[in-house]
Amino acid sequence: MGKYKYTYIIVALVLYRSVCSAATLPPADSRSFYPLKPEDPHAIYFTPDKFQGQADGKTDVSTALQEAINEVKTRYNFGVLFIPTGLYRISKTIYIPQAVRVIGYGKDRPVIILGKHTPGFQTAAPEDKGQGSYLFWFVSSLPVPGKPINDAGAGTFYSALSNVNLKIEAGNPSAVGLRTHFAQHSFISHVDIGIGEGKAGIFDVGNEMEDVRFFGGDYGIYTTKPSPGWQFMMVDTWFEGQRKAAIRTQEAGLTIVRMNVRDVPTVIDINDNYHEKLFMEDCRFDKVTGPAIIISNERNAANQVNLRKVDCRNTPVLVRYRHSGEEIRGNGPIYTVKSLTDGLGMDDPAADPTYRTTHDVQPISVFPTPAAKDIPEFPPMNTWVNLRSLGVRGDGETDDTRAIQQAIDLYPTLYVPQGWYRISQPLRLKPNTVLIGFSPIATQFQIVDNTPAFGGFGPPVPLLEAPEGGTNILSGIGLCTGASNPRALACKWMAGPHSYMNDVKFLGGHGGMTKPALPGEPGAILKMPGAGAGPDLWDTQYWSLWITNGGGGTFKDIWTANTYALAGTYISNTSTPGRIYAMSVEHHVRNEIRLHNVANWKIYALQLEEENRESSECQPMELEDCHHLVFANLYMFRVIRVNRPYPYSIRRWGGGDLTFLNVHNYSQTKYTTELPLYDVNTNTDIRPWEFARLYIPEGGASATGTSVSPSTGPDPASATDAASALSGRSTLPAGPSAPVQLATGFEFAQSPCADSKGNIYFCESRMRRIYKWSPKVRSLSLVADYPWEPLSLACDQKDNLLVVFKYTPRAGYLVDGRQESFSNPPDAAGTSFSGWGNSGFATWAYSIDPDHADETIRLLPTAPMDSTRQLYRALYPAHRWRDFHDFNTITVSKATDCYAAPDGVTVIPIVYDLARSTALAAAYPGRPLYLSDEYDKRTVQVQVDPQGHLSGLTYFAERGEFATAVDGKGRVYIADGDVYVYDANGQLLRRIGTPERPTGISFGKDDKTLYITGHRALYSLVID
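Residues numbered from 1 in each chain as written. Predicted model: local features only at pLDDT ≥ 70, side-chain atom pairs only at ≥ 80, totals over all residues. Heavy atoms only, no water.

> Now, about the overall build of the protein chain: what can you tell me, with residues and values included?
Of the regular secondary structure elements, the protein chain holds 6 helices and 78 strands. Taken over C-alpha atoms, the radius of gyration comes to 30 Å for the protein chain, in line with the 31 Å a tight globule of 1024 residues would show. Taken over the C-alpha atoms alone, the protein chain extends approximately 90 × 85 × 60 Å along its principal axes. When each of the 1024 residues of the protein chain is scored for burial, the buried share is 65%. Across the protein chain, the fraction of contacts at a sequence separation of at least 24, relative to all contacts at a separation of at least 6, is 70%. (Helix = DSSP H or I, 4+ residues; strand = E, 2+ residues; numbered from the N terminus. Rg over C-alpha atoms; globule rule 2.2 N^0.38 Å. Buried < 20%, exposed > 50% of the residue type's maximum accessible area, 1.4 Å probe, protein only. Contact = heavy atoms within 4.5 Å.)

> Summarise the sheet that holds strand S74 (residues 978-982); cite the residues concerned and give the values.
In spatial order, the strands read S72-S73-S74-S75; together these 4 strands make up an open sheet with antiparallel pairing. With partners counted over all chains shown, the strands left at the sheet margins are strand S72 (964-966) and strand S75 (988-992), one partner each. Here the strands of the sheet are splayed against their neighbours by 20 degrees on average, with no regard to which way each runs. When strand S73 (residues 972-976) meets S74, the two strands line up antiparallel, connected through 5 bridges. Of the residues in S74, the one forming a bridge with alanine 975 is valine 979. (Pairing = 2+ DSSP bridges. Axes fitted to C-alpha atoms, helices over the stretch in contact; angles between N-to-C directions.)

> So what about the pairing of strand S55 (residues 769-774)? Which residues, and what values?
Counting buried positions over the 6 residues of S55 gives 5, a clear majority of the element. Across 5 bridges, the pairing between strand S54 (residues 760-764) and S55 is antiparallel. Of the residues in S55, the one forming a bridge with tyrosine 761 is lysine 772. Connecting S54 to the next strand, S55, in antiparallel fashion are 4 residues, including arginine 768 with a positive phi near 60 degrees. Turn length for the S55-strand S56 (residues 779-785) hairpin, with the two strands adjacent in sequence and antiparallel, is 4 residues, and the turn residue arginine 778 shows positive phi of about 50 degrees.

> Account for the packing of aromatic side chains, with residues named and values stated.
Taken as a whole and assessed by the stated rule, the structure comprises 57 aromatic pairs. Through a chain of ring-to-ring contacts, three or more aromatic side chains come together here, namely Phe33, Tyr34, Tyr45, Phe82, Tyr105, Phe378, Trp384, Tyr415 and Phe438. Over the aromatic face of phenylalanine 841 sits the side chain of lysine 806, whose NZ or CZ is 4.6 Å from the ring centroid. In this arrangement the basic side chain of arginine 927 is found over the ring face of tyrosine 924, its NZ or CZ atom lying 4.2 Å from the centre. (Phe/Tyr/Trp six-rings, centres within 6.5 Å; stacked < 30°, edge-to-face > 60°. Lys NZ or Arg CZ within 6 Å of the ring centre and 35° of its normal.)

> I'd love a proper account of the environment of proline 316, names of residues and values included.
Inspection of the secondary structure puts proline 316 in the loop between strand S22 (304-313) and strand S23 (317-321). The exposure class assigned to proline 316 is partly exposed, which follows from its relative accessible area of 37%. Expressed as a C-alpha distance, the spacing of proline 316 and histidine 949, which sit 633 residues apart in the sequence, is 48 Å. The residues contacting proline 316, other than those within four sequence positions of it, are Val288, Thr289, Arg329 and Gly330.

> Outline the pattern of salt bridges, supporting the account with residue identities and numerical values.
Counting across every chain of the model gives 57 salt bridges. Linking lysine 556 and glutamate 210 is a salt bridge whose minimum nitrogen-to-oxygen distance equals 3.0 Å. Here glutamate 210 lies in strand S14 (residues 208-216) and lysine 556 lies in strand S42 (residues 553-560), a separation of 346 residues in the sequence. Each of Asp352, Asp685, Arg687, Asp978 and Arg991 takes part in a single network of salt bridges with overlapping partners. (Salt bridge = Lys/Arg side-chain N within 4 Å of Asp/Glu carboxyl O.)

> Lay out the sheet that holds strand S11 (residues 175-179) in plain terms, naming residues and giving numbers.
One open sheet holds the 10 strands; their spatial order is S5-S8-S11-S13-S15-S17-S19-S21-S23-S24, and the pairing between them is mixed. Of all the strands in the sheet, the pair left with one neighbour each is strand S5 (94-96) and strand S24 (327-329). Strand-to-strand twist in this sheet, taken as the mean axis angle between neighbours without regard to direction, amounts to 15 degrees. Pairing between strand S15 (residues 219-223) and strand S17 (residues 245-249): 4 bridges, direction parallel. Bridge pairing in S17 links isoleucine 221 to isoleucine 247.

> Break down the pairing of strand S61 (residues 842-848) for me, citing the residues and quoting the values.
By the criterion of burial, S61 is predominantly enclosed, with 6 of the 7 residues buried. Bridge count between S61 and strand S62 (residues 858-859): 2 bridges; the pairing is antiparallel. Its bridge partner lying in S62, serine 847 is registered against arginine 858.

> I'd like a rundown of unusual backbone geometry, residues and numbers included.
With an omega of -25 degrees, the peptide bond running from serine 227 to proline 228 counts as cis. Examined against the element boundaries, proline 228 turns out to sit in the loop between S15 and strand S16 (232-240). In this model, aspartate 539 sits at a positive phi of 65 degrees, which is unusual for a non-glycine residue. Following the sequence through the fold, aspartate 539 ends up in the loop between strand S40 (525-526) and strand S41 (545-547). At arginine 768, a residue that is not glycine, the phi angle is positive and equals roughly 60 degrees. Within the secondary structure, arginine 768 sits in the loop between S54 and S55.

> Could you give an account of the side chain of asparagine 165, naming the residues involved and the relevant values?
Summarising the element assignment, asparagine 165 is placed in strand S10 (residues 165-168). Polar contacts involving the side chain of asparagine 165 include one to the side chain of arginine 109, which spans 3.0 Å. In this structure the side chain of asparagine 165 is engaged in a polar contact, spanning 2.9 Å, whose partner is the backbone nitrogen of aspartate 192. Each residue touching asparagine 165, except ones within four places of it in the same chain, is listed here: Ser30, Arg109, Pro110, Val111, Ile112, His190, Val191 and Asp192. (Polar contact = N/O pair within 3.5 Å; in protein donor to acceptor, adjacent residues only side chain to side chain.)

> Provide a residue-level description of helix H2 (residues 62-76), including the pertinent values.
Helical geometry: 3.6 residues make up each α-helical turn, so side chains three or four residues apart lie on a common side. The first and last C-alpha atoms of H2 sit 21 Å apart over 15 residues, in line with the 21 Å expected at 1.5 Å per residue. Directly after H2, the chain includes asparagine 77, whose backbone phi takes a positive value near 80 degrees. (Expected span 1.5 Å × (residues − 1).)

> Hey, could you go over the nonpolar core for me, with residue numbers and the actual values?
Ranked by internal contacts, the top residues of the largest apolar core, which has 76 residues, are Met259, Met280, Phe285 and Leu318. With 6 residues, the top contributor of residues to this core is H2. Excluding its chain neighbours within four sequence positions, the residues that come into contact with methionine 259 are Met234, Thr237, Phe239, Ala246, Ile247, Val267, Met280, Asp282, Cys283 and Arg284. Of all hydrophobic cores here, the second largest spans 67 residues; its members include Leu479, Cys491, Met636 and Leu694. (Core = buried A, V, L, I, M, F, W, Y, C linked by side-chain atoms within 4.5 Å.)

> Could you give an account of helix H3 (residues 401-410), naming the residues involved and the relevant values?
When we look at burial in H3, the residues that qualify are Thr401, Ile404, Gln405, Ala407 and Ile408. Each buried residue of H3 sits inside an arc of 160 degrees when the element is viewed along its axis, so together they form one side. Exposed side of H3, more than 90 degrees from the buried face: Arg402 and Leu410 are the residues found there. (Arc of directions from axis to C-beta.)

> Outline the environment of alanine 842, listing residues and values.
Counting through the fold element by element, alanine 842 comes out in strand S61. Overall, alanine 842 belongs to the buried group, its relative accessible area being 6%. Along the sequence, alanine 842 and tyrosine 813 sit 29 residues apart, while their C-alpha atoms lie 15 Å from each other. When neighbours within four sequence positions are excluded, alanine 842 is seen to be in contact with Phe805, Lys806, Tyr807 and Phe822.

> Could you give an account of the state of the cysteines, with specific residues and numbers?
Within the structure shown, the criterion is met by 0 disulfides. In this model cysteine 312 remains outside any disulfide bridge; the closest cysteine sulfur is found in cysteine 283, 9.5 Å from its own. No disulfide involves cysteine 480; its sulfur sits 14 Å from that of cysteine 491, the nearest cysteine. (Disulfide = S-S within 2.5 Å.)

> A description of the environment of glycine 552 should follow, citing residues and the corresponding values.
Here glycine 552 shows up in the loop between S41 and S42. Given a relative accessible area of 0%, glycine 552 falls into the buried group. Between the C-alpha atom of glycine 552 and that of aspartate 192, which follows or precedes it by 360 residues, the distance is 31 Å. Those residues in contact with glycine 552 that lie beyond four places of it in its chain are Trp493, Ala495, Gly496, Pro497, Ser499, Ile547, Thr576, Pro577 and Trp601.

> Describe in detail the side chain of arginine 971, supporting the description with residues and values.
In this fold, arginine 971 is placed in the loop between S72 and S73. Within the structure, the side chain of arginine 971 is placed 2.9 Å from the backbone oxygen of aspartate 1024, a separation counted as a polar contact. If we skip the residues at most four places from it in the chain, arginine 971 touches Ala965, Val966, Val981, Tyr982, Leu989, Arg990, Ile1023 and Asp1024.

> Account for the confidence of the model for the protein chain, with residues named and values stated.
The predicted model of the protein chain has a mean per-residue pLDDT of 92, with 93% of residues at 70 or higher. Contacts from residues 1-28, a stretch scored under 50 in pLDDT, to residues over four places away or in other chains number 24 contacts. Below a pLDDT of 50 lies the segment residues 702-732, which in the model reaches 75 contacts outside its immediate sequence neighbourhood of four places, other chains included. (pLDDT = per-residue confidence, 0-100.)

Spelled out as structure tokens, the structure:
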């Protein structure tokens, strides 16, 4: 090379750096996703001829834009506002109510601009939850002057912003582009947010996001828990130049696929003392100067982190733990994270759950290009054929079946404007048929009740059928099968791996809306078919979505909540690769989702929910002979109104090579599903309600109980541990012999407690029964069977049985001439349990002499908390569900009043959480007391003063559920799936395996016999 040697080297280095930089550059200015005007007679168009607003970037269009949005809501109740290309300047917050979608169109995306130094965007109102000033705020209803803004919430459906860019100019430090705390079928897509000097692009995420890019700002996103505690799905996003972090989060259930991040100090910053369920796949971090991920609640079951295929460049620290300061560093200047798992995990169903961090981080020489998208593109808009132009009415009355089928037969791509299209025969798609709508509530294919083709006996008849191997696309359309159509199946999908279903609602029972009749349509109010049908028609149709016969592809933002259907989703007999991004399956009678003989699917952000009236006995998921499946951020939820137990969330029959990453099995009530997973054929159960990873190899649980290497499955993980295991069958002493069953036949036994004679009392709340076990004669007796629902039990020093119970007022019963009623006390504000049907009752206490119960029942009087001079003990809720995260403060708040026991020295401090707790914990002055933070899966220690008040809260163990107990040696027993034993310093000693999940634990009078209640039985265990 001679004298040119160094020149060649320099040129090569420059070219190399150029290629690497190009790989991380964002695309050119974002293209318009809808370059042409979608013609829709029922849409509102934000054009100057109708609204006083110019698209010149100078004229303030705030008022006009709000008027246009309001017109969609007031005129139609739901629908679309289309905004043409242009620059639109605003100066105040624009509110978007439920079911209104704002969608841009034209050669370029329209841009909403917040001008420099706009008044109101320099400082946020201190009482505002997000401490921000918002360009767009999604709300549940239109604001009313002088009244509080109703933020979007659990019932805010069908709202969206798409194909519209936002730009925050200088001098607006409190500006936030969007506030998006909405629920199903609400999303942000195809949006660039230039945050600049502003605070953030989005506050409070909701449901789903696709193709959104964030530039500048303190944060791209900062967020709390979505509505109402579900996970959040984001696909194909870009973050660049944030000053503090790309995302600051707590409890958002971040399910992230193909996220590109560049030039930030941190990618994910989890708020202090909060958990997160973080899943990231096919992501890229470039030039991350600080720790890429900051984890707060380390070694906590509720905290779950999984990374899969994350490529990093110039990112020296991959993970930092906020409290311990420990770090996981990168492996060279360019490296790939093949896998990382942090949290509670099991390598095999027979293995014990262990807290640990495993990671496989490998150096690489070249920074890879971004992962390819798996979401198919829509055909060019100039190929779309407007269904209305072909004579289709969509008025909810005219039978449009023949006209729509003819259109399908003639044209590959059909644009379906808003309307309710009545269907009387199956619609059969061609292999290349594409159907595109803009709102699944405003654009529906509907079957009216008792349509002959869908009635009588016989196999399922689909409203819509996609053929085998097709490349079909179905987007933005609702499918409604009515209530009385027993053969109806909303969609039979057999299309191939490159097909796509997006933003599709399967209607019936939940999520329906009415609309005023439009000009030329009959009637005054239009209701969906089946609206108002009763429970006798629940569970009488075939499944809503049936994917079968080789069906696959991508399914995104799907909501299937038709109570009249057998199940929301049924996938059968397919090994075609499939992907689900955000599917909500809810409110069915017997099954939410079934998978039979399915392989090669990845299921992200699947949310299952059971409602009280229809779903108390619903099996959320069944897996039958399935292989090579991955579930990421799986949420299984029973709503706050559920009042009876259910055994398991997932019932499995055969198959294997199944990976579950970040599983959340929960309810605000005590009736959380007992087991997240039960293997029918091997009689193996999974106990933890929260875990970061479970791998099930082919053949199911290991016969020997030894760990099976996860590298055999699709989810490889390194054996490198960043933290030693805290529990495990192979690492903990087995402890004493197995518990002995004393009595069985219960629904949900709870709240065991002992008297001075050694008798053990417990109750069944829903069945309103109180029992006594006598160790002396080894027999069970029924002590009480009253109208009052017992919640928790204890004995005073004179062996009176104290019963905390629920008292519900009866309509028409007057006290001092007024209807008896109750309101929640102030300390109810920290838990969502106090709402949504759990208010309007009182939590009182009575006492009985167990030997003469019927004659001695007495309501306990109330007294000032400090009135007892020689306090023996105070009885507090043994556990609290405080999902607004105030457990640490509310636990040590001083109660002002108490219920006074007959012995004169025992009190029950009056606190709201007695309404939900299944047991009472005895606080003795001068002794430490152990209480469970049920929401955060933690046990704390507090001190007790002479008046029974609590103080000095410290964390004791990162486990906790319904109860704790302390033996005579000061060892602490924590019920959490099994029973875990700790010494007084918080060191884990052993695990006690229990035949079923404990609902309560208590020692007898001698502190040597531990009594355990499960759902179905009472057990005893002699402690060494």
